[in-house]
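Observations on the model geometry
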Amino acid sequence: MNEKMPYYMAYPVPFSYDDDRTERLDFEYLKSMYPDLPKRILPYVEEECDRMEYENSMVYDQYPDKLQLKLMCRRAYENVTGHEKDLSDDVRDLIEVMLYQELYKRRCDRRRKYRRLY
């Protein structure tokens, strides 16, 4: 009547190691549902973010420099307009929003990767 339970059942611990993978898959799935224009622009935005992703990059500063972010947006815009045709000037704003969102995701991933556990 007084059966002993295995340790793992007595003190269940949520499997948090899978959270990063789940978040990444969720993010990739939602990116796959972007409309046509953002899907075409996304590789150029990711390329610019990849270019600026290195140790001690300004994108990982606590408060990234707004001028440098604007320059990143301009480089991405020039790259997009050099390869894609029939784009309006509103694309510049879309690129800026997509770039900031991509940087936010990368900054969160980096924080999670280098999180200190005391």
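So, here's what we can say about the structure. (Residues numbered from 1 in each chain as written. Predicted model: local features only at pLDDT ≥ 70, side-chain atom pairs only at ≥ 80, totals over all residues. Heavy atoms only, no water.)

Attention now goes to the environment of Q68. Here Q68 shows up in helix 4 (residues 66–83). Spatially, the C-alpha atoms of Q68 and M58 are 8.1 Å apart, while their sequence positions differ by 10 residues. (Helix = DSSP H or I, 4+ residues; strand = E, 2+ residues; numbered from the N terminus.)

Another point: the packing of aromatic side chains. If you walk through the whole model with that rule in mind, you get zero aromatic pairs. In this structure, R92 packs its charged tip against the face of Y77, placed 3.9 Å from the ring centre. Residue placement shows R110 over the ring face of Y60; its charged tip is 4.3 Å from the ring centre. (Phe/Tyr/Trp six-rings, centres within 6.5 Å; stacked < 30°, edge-to-face > 60°. Lys NZ or Arg CZ within 6 Å of the ring centre and 35° of its normal.)

So, about unusual backbone geometry. Although it is not a glycine, N56 sits at a positive phi angle of roughly 60°. Checked against the element boundaries, N56 lands in the loop between helix 3 (36–51) and helix 4.

Spatial relationships are all this shows, so hold off on functional conclusions.
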